[in-house]
Structures are given as C-alpha cells and as structure tokens.
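So the chains spell out like this:
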Amino acid sequence: MSAPILQLSGFFPRAFTPLNLWIWQKLEDSCLEADAALHSWKARLFGNARGVVLEIGAGTGINRKYLGYPVTYLGLEPEPNSYLQLNAIADTAFCAVAESIPLPAESVDCIVCSMTLCSVKDLSLTLNEVYRVLRPDGRFLLIEHVGAPKATWLRSFQRLFRPACQCLDRGCRPDRDTAEALRSCRLVMEDFTEFQLKLRGPLIRDWITACLIKPEAS
Ligand SMILES: C[S@@+](CC[C@H](N)C(=O)[O-])C[C@H]1O[C@@H](n2cnc3c(N)ncnc32)[C@H](O)[C@@H]1O
C-alpha cells in the first residue's frame, strides 16, 4: 500500500507518520459521507456526461460510478495517495493540479468535479484550463459547496476558519465565491441550482450544481 500523505496548506509535506495516515483516512471518510448525502444530485448531474470525461480533483475516483454512459474516464488528482487509488480505476490518471491540466486544447467532451473548486489554489486559472481543454460544445458539470451570502454571521465564521480548513482539508476555502467566478468566466451557464445541505459541521451549508457549456464559436 502506498504511503499516506497529508496535505498541509499548499501541497503535501511528505510526512509518513501514523498521525498523517489517521488524518488522511478521516478526510477520505468525510468524502464518503458527503458522497452518500449528495448521491441523488450527483447521479442526476454526472449521469449526463459522455465521451471523453475528465474529472478534476477526482480524489480516489469516487464519482466514477455516476457516469452512466460508457465513457473514457480521465482522472486528475494532485494528492499522491488518492492518485494511486484513482489510477487503479481510471482509463488514464494524472497526478497534477487543475491549474495546469496536462492535456491538449479541446481534447475532452466533458469535465466533472465535486468539492474541488473550493480547494484549488487559483480558481480563475482553473476555469481557464477547463475552458482550454474542453471541446467546443463541451460541458463542465460541477457540484460544489460555496460561501454563505456576504455580510452574514455564517460568512464571517467561514472566513475566520478558512486558514484552518485550508491547512487541514486539502486547501478547502469554505467562503469561496465560486458561483460569482463561474458567472464571469468564458463558459456559458446552461443550468444552475442552489440548495442547502449541512455537512461537516456548521461551516458548510450552501451548495450549487451547474452545467456550463463552451460555446461553439470561440
Ligand atoms: C474535498 S476533496 C473532494 C474529492 C472528490 N472530488 C470528492 O468529491 O469526494 C478535494 C479534492 O481536491 C483536490 N485538490 C486540491 N487542490 C487541487 C488542485 N489545485 N487541483 C486539483 N485538485 C485539487 C484534493 O487533493 C482533493 O482530492
């Protein structure tokens, strides 16, 4: 079995200790818990993915099971221990970050992600990369938790705890304005849904699912 690796802010100091194994397992358990809670949302959203499908921040490949059609499944995951598990189930896996996707322009039909845009270091770079690798008319399907509305107590609480979350939970920023970033990127929003679901304690409450399209003539 691969050595467990804990991400502490930025990327992964490689400390192969029982403590890190324990924390890594806790993070995996919380992903499984979130997966169970989001099951019907994910099935509806990711069931539409077709062709060559790239998942960014794929973790261990937990979302592979939702891809209803026969697809070519490419997974991208920077955390080495998760990557090794992803590599066992993906057609091709990349140990890389979403800010720099190791694929040619216009090479995938669909990009999917869940609980990843909160974690990437640079969201606008990530959205540029999504745009670059998608074929014209390709889809970006995502389900993400987002920051609470501005000037609310929950938002202040999220901002207060952001450094701890970033440090302990693979870069997660609970107060990120992901919806705003999606609206101002070059992809076109086709579907957008907001909902609330409490997961991982009081910090995470607001969620979005979205389908964005890369316009044909771009
Ligand atoms: C909360 S986990 C979600 C994992 C999986 N998508 C799921 O829904 O269970 C966030 C994932 O994003 C990955 N991640 C963090 N920074 C990233 C980056 N810059 N590019 C791509 N993935 C990143 C983490 O390693 C982790 O696997």
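Scroll up to find the structure this text is about.
Calculation rules
- Residues numbered from 1 in each chain as written.
- Predicted model: local features only at pLDDT ≥ 70, side-chain atom pairs only at ≥ 80, totals over all residues.
- Helix = DSSP H or I, 4+ residues; strand = E, 2+ residues; numbered from the N terminus.
- Rg over C-alpha atoms; globule rule 2.2 N^0.38 Å.
- Buried ≥ 20, exposed ≤ 12 C-beta atoms within 10 Å, placed from the backbone.
- Pairing = 2+ DSSP bridges.
- Right-handed = clockwise from strand over helix to strand, strands pointing away.
- Contact = placed C-beta atoms within 7 Å.
- Core = buried A, V, L, I, M, F, W, Y, C linked by C-beta atoms within 7 Å.
- Axes fitted to C-alpha atoms, helices over the stretch in contact; angles between N-to-C directions.

S.K.: What's the story with the overall build of the chain in this structure? I'm lost.
M.R.: Counting its regular elements, the chain contains six helices and seven strands. Each helix and strand of the chain, placed in order from N terminus to C terminus, yields the pattern α-α-β-β-α-β-β-α-β-α-α-β-β. Relative to the globule expectation of 17 Å for 218 residues, the C-alpha radius of gyration of the chain, 16 Å, shows essentially globular dimensions. Its C-alpha atoms give the chain principal-axis dimensions of about 50 × 45 × 30 Å. Burial status across the chain gives 44% buried among its 218 residues.

S.K.: Looking at this structure, how should I read the pairing of strand β5 (residues 134–146)?
M.R.: Remember that side chains alternate between the two faces of the sheet whenever the strand is regular. Across the 13 residues that make up β5, a large majority, ten, are buried. For strand β4 (residues 108–114) and β5, the ladder comprises six bridges, and the chain directions are parallel. Residue V108 lies in a different strand from β5, and its bridge partner there is L134. Once the chain exits β4 it traverses helix α4 (residues 123–133) before rejoining the sheet at β5, and the crossover so formed is right-handed. Inspection of the sheet shows β5 paired to strand β7 (residues 204–213) by eight bridges, in the antiparallel sense. When the bridges of β7 are listed, V146 appears paired with D206.

S.K.: Help me out: how do you make sense of unusual backbone geometry in this one?
M.R.: Most peptide bonds take the trans configuration, and most residues that are not glycine carry a negative phi. Here the phi dihedral of D137 falls at roughly 75°; this positive angle occurs in a residue that is not glycine. At R170, a position not held by glycine, the phi torsion is positive, near 50°. Structurally, R170 can be placed in the loop between α5 (153–168) and α6 (178–183).

S.K.: How do you make sense of α4 when you look at a structure like this?
M.R.: An α-helix turns once every 3.6 residues. As a result, residues three or four positions apart point the same way. Among the residues of α4, those classed as buried are L123, T126, L127, E129, V130, Y131 and V133. Buried residues along α4 sit in contact with β1 (52–56), β4, β5 and α6.

S.K.: What's the story with the nonpolar core in this structure? I'm lost.
M.R.: Looking at soluble globular proteins, one finds that nonpolar side chains tend to be buried together. Membership of the largest hydrophobic core comes to 49 residues, with the highest contact counts inside it found for V53, V108, I111 and V112. Counting residues per element, this core draws most heavily on β5, at six residues. With residues near it in sequence (within four places) discarded, I111 still touches L54, I56, V130, L134 and F140.

S.K.: Whenever I open this one, the environment of T178 confuses me. Can you help?
M.R.: Residue placement: T178 occurs in helix α6. Look at T178 and you get buried, because 22 C-beta atoms sit within 10 Å. When the C-alpha atoms of T178 and P78 are compared, they prove to be 20 Å apart, with 100 residues separating the residues in sequence. Contact partners of T178, with chain neighbours within four places excluded, come to L117, C118, E144, V146 and I208.

S.K.: Whenever I open this one, the sheet that holds strand β2 (residues 72–76) confuses me. Can you help?
M.R.: Sheets are built from strands paired through backbone hydrogen bonds, the pairs being either parallel or antiparallel. The seven strands are arranged β3-β2-β1-β4-β5-β7-β6 in an open sheet whose pairing can be described as mixed. Of all strands in the sheet, those bounded by a partner on one side alone are β3 (92–94) and β6 (188–199). Between one strand axis and the next, the sheet turns through 15° on average, direction left out of account. Pairing geometry for β6 and β7, over nine bridges, is antiparallel.

S.K.: What is the right way to look at the pairing of β2 in this model?
M.R.: Burial runs high along β2: four of the five residues are buried. One ladder, built from five bridges, connects β1 with β2; its direction is parallel. Looking across to β2, one finds that V53 is bridged to Y73. Pairing geometry for β2 and β3, over three bridges, is parallel. Residue pairing across strands places G75 opposite A93, the latter belonging to β3.

In short, geometric facts, not functional conclusions.
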